[in-house]
Amino acid sequence: MEKSVLLFAFALLLGACAPVAETPPLDLIPHPTSWDPSQNTCDISGAWELDVPTEWHADRRFWSNWLSADSGGKEGKAVSVIIKQSPAMESEAYALAIRPDGITIEAGSTHGAFHALTTLRSLALTGDGALPCGNLADAPRFAHRGLLLDCCRHFMEPEFVKRTIDLLALHKMSVLHWHLTEDQGWRVEIDAYPELTQKGAWRTQADGSRHGGFYTKEQIRDIVAYAAERHIEVIAEIELPGHSRAALAAYPWLGCTGEAMEVPHDWGVFKDIYCAGQDTTLAFLKTVLDEVMELFPSEYIHIGGDEAPKVRWEQCPKCQKRIADEGLHDAHELQSWFIGEIGRYLEAHGRKMIGWDEILEGGLPAGATVQSWRGMDGGRDAVAMGHDAIMSPTSHCYFDYPVESTDLEEVYGFEPEPEGLEGSGRILGGECNMWSERAPQPLVESKVFPRLVAMAEVLWSPPTTRNWSDFQARMESHYTRLDAWEVAYGWETVPMALEWERGATSNSLDVQLVPAMSGVGGTGRFVLQNGQVVSDALDMEEVHTIQGEGKLQVALTRKGVSMGEPLTFPLAGHVGAFQRVELDHSINAYYPGRGEQGLADGRLGSLDFRDGSWQATQGEHMGIAVELEAPIEVDSLSMQVYRYQDAWIFLPDSVRFQWSPDGEHWDGEWWVQPFAAPTFDPNDAQDVQRLAVPVGETARWVRFEARNPGPCPEWHDAASSATWLFLDELVVHGQP
Ligand code: ACM
Ligand code: ZN
């Protein structure tokens, strides 16, 4: 208390002594290193007139088109833009002098000059025909400012990739990390191995349809050249030794078992990976890399290295022989050896290797740069060992995650340089990762934007200029630019909150849609399980009563413009909702599922186990009892359970529903093995199972118990680790 009073007094004092200078802020993202405004403005109502030094004439035409791309046919007095080469400046640095009679750019290289033109283009878009005069100095904080685009889980058209490159350049990003090989699809044409794309680029979906595609060498060269003009380096990722099922589908001899297999259509981590014991597999990869290096002139090649289960290697005589021959201890050291072989091959060809942080396991190969994704520790460890690192932790950089887990403010708060490593020079930068399992091409932009805008500033601007409320103000005008560039951006944060409580009748809920961001509008409708729409349009902020079980679907708008797919809230108005509960288990901090009342609150868990509704425990049994307001005729009881074995979430091995008129005499019995015993499933599904029993008796108390099935089975990657149970919710159908 004392401390905050003191701080408040200090703030008052500061406010009194240091009046804020009347300098107009520069409406630019990413924020420049410095901006020194002067009084006048520069009229830019006319066409741009570029004066480019002779050495850079090759870029002149492209630069001119880039600068005027948003503003064709301007009729005022021509605007002079003189570009000067300043060899002492860093490659990406630039300075802009904006005067009433024209603009001068100084830059160390075409790279810096291009950034200067991008700054002008951005300022012009929101500048209303004039720019503020002043001196701007700018240079990036980090060299590696990347976006990973996973064009494997869902194929993305070459034109879409180019458009993404444009948007990266407009945000002064520097790298497109192009994820080109995966379990679910091989996307890069390789002359020596045509089946990689003839077979490996295509998969049959669960519904029988075909999905796929690949980039021809000509398309790739075109994209790489397109990116180079925009000063974006394309770094290809060729995944090894895991995430390689598509290659194994094309050439089964690449794997340990040699068995034929399909290109899988669902997601997860697969056990079949490249065999590390066969020289032929290594020779294959080196040939692939030869062709990849020929296509991509980048300094780095990304070799993946993540999520490679070792079960096949442990059972493979060839892999075991390699372990013995090379004097290795185990399969982790075999992975390190395998990646080391590839790393040495790349190095011999003048390239450097990037790998996901798993490449630290079993020993980090010489010269490798680590991309840290499971938190920041991988990057930190790499730097401690004298290696470079790129930071893209799931906590801030996974743009496939919904805004519920990573919103704009969280991305803006990302600090790529962990404490102790400031100024080490070993953190090359960061990346946003756009995995596409749940995002086919039409959804990608709504996940990447607006979050990439925040990341662009984090990676470019000096930390001293970082200020969330200032960024928010600049973001408002940046939306004008995103609109002009026709970016199909998504939400900054969860746009709307649902509030709900027990209704006037005991099997109804009163719900209210509450906007959680400015500019949000929309309407909802309640759709019963049988598809029947039972409500009138639900308006924002009004209280509506719903009855029965179904989905509340809310179509949202931002500033009057429709925003993507409706939000869905599974709800059940039932007699058990908001009645007194007793839990047998303790609430887990990670999955509290809305706390004590969460298993009887009318809101049901969805197909997303992170939706906040699911209540979970690890290695424990779970149980809940509900005391109803009064004895009623209970028709049936039901409970949802979640299954996602890859995430250690298993179905219970026994369950019991019970009911009682008095809390002493209980009916109902254990239901042993309500589900088939868990088995290894290469296409591990995430699904919600429903358990239900008819009752047909008068009861005041109802309960549900679920027994944990014990540790993860032998065949599981996490064999012997405790499994999770996920529940939501105990639905009581009956007549009040
Ligand atoms: C990763 O997300 N598996 C790198
Ligand atoms: Zn093998």
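Structure's up top.
J.: An account of the packing of helix α10 (residues 317-325) against helix α11 (residues 331-348) is requested, with residue identities and associated values reported.
T.: Contact pair α10 / α11: the axes reach a minimum separation of 10 Å and the direction vectors enclose 80°. Classified by the angle between their axes, α10 and α11 sit roughly perpendicular to one another. Between α10 and α11, the contacting residues are Cys-319, Arg-322 and Ile-323 on the first element and Ala-331, Leu-334 and Trp-337 on the second. Split by residue class, the contact of α10 with α11 holds five nonpolar, no polar and one charged.

J.: So what about the coordination of the zinc ion (ligand 2)? Which residues, and what values?
T.: The coordination sphere of the zinc ion (ligand 2) contains the protein donors Cys-256 (SG), Cys-275 (SG), Cys-316 (SG) and Cys-319 (SG), at a distance range of 2.3 to 2.4 Å. One way to put it: the four donor atoms around the zinc ion (ligand 2) meet at angles of 105 to 114°, and that makes the site tetrahedral. Sequence spacing among the residues donating to the zinc ion (ligand 2) works out to C-x18-C-x40-C-x2-C. The class of Cys-316 is buried, set by a relative accessible area of 3%. By relative accessible area, which is 0% here, Cys-319 ends up buried.

J.: Which residues make up a negative patch on the surface, and what values do they have?
T.: Among the surface-exposed residues, Glu-633, Asp-635, Asp-667, Glu-669 and Glu-697 lie close enough to one another that they form a single negatively charged patch. Mapping Asp-667 onto the fold places it in the loop between β29 (654-660) and β30 (670-672). Using a relative accessible area of 35% as the deciding quantity, one classes Asp-667 as partly exposed.

J.: With reference to specific residues and values, describe the nonpolar core.
T.: Of all hydrophobic cores here, the largest spans 144 residues; its most connected members are Ile-103 and Trp-178. When sequence neighbours within four positions are dropped, the list of residues in contact with Ile-103 reads Cys-42, Trp-48, Val-79, Ser-80, Val-81, Ile-82, Leu-96, Ala-97, Ile-98, Leu-120 and Leu-131. Formed by 30 residues, the second largest nonpolar core is a distinct cluster that contains Leu-637, Phe-657, Ala-706 and Val-732.

J.: Any chance you could break down the side chain of Ser-109 for me, citing the residues and the numbers?
T.: By the secondary structure assignment, Ser-109 is in the loop between β5 (102-107) and α3 (110-126). Among the residues examined, Ser-109 registers a relative accessible area of 17% and is labelled buried. A distance of 2.6 Å separates the side chain of Ser-109 from the backbone oxygen of Ser-91, its partner in a polar contact. Not counting residues up to four positions away in its chain, the partners in contact with Ser-109 are Trp-56 and Ser-91.

Cut-offs and rules
- Residues numbered from 1 in each chain as written.
- Chains lettered and ligands numbered in written order.
- Predicted model: local features only at pLDDT ≥ 70, side-chain atom pairs only at ≥ 80, totals over all residues.
- Heavy atoms only, no water.
- Axes fitted to C-alpha atoms, helices over the stretch in contact; angles between N-to-C directions.
- Helix = DSSP H or I, 4+ residues; strand = E, 2+ residues; numbered from the N terminus.
- Parallel < 35°, antiparallel > 145°, perpendicular 65-115°, else oblique.
- Contact = heavy atoms within 4.5 Å.
- Nonpolar A, V, L, I, M, F, W, Y, C, P; charged D, E, K, R; others polar.
- Donors = N, O, S within 2.8 Å, 3.2 Å for Na, K, Ca; no water.
- Tetrahedral: all angles 85-135°; square planar, octahedral: opposite > 155°, others 65-115°.
- Buried < 20%, exposed > 50% of the residue type's maximum accessible area, 1.4 Å probe, protein only.
- Patch = residues over 30% accessible without salt bridge, like charges linked within 9 Å, V, L, I, M, F, W, Y side chains within 5 Å.
- Areas by Shrake-Rupley, 256 points an atom, 1.4 Å probe, with all protein chains shown as cover.
- Salt bridge = Lys/Arg side-chain N within 4 Å of Asp/Glu carboxyl O.
- Lys, Arg positive; Asp, Glu negative; His and termini not counted.
- Charge placed at Lys NZ, Arg CZ, Asp CG, Glu CD.
- Core = buried A, V, L, I, M, F, W, Y, C linked by side-chain atoms within 4.5 Å.
- Polar contact = N/O pair within 3.5 Å; in protein donor to acceptor, adjacent residues only side chain to side chain.

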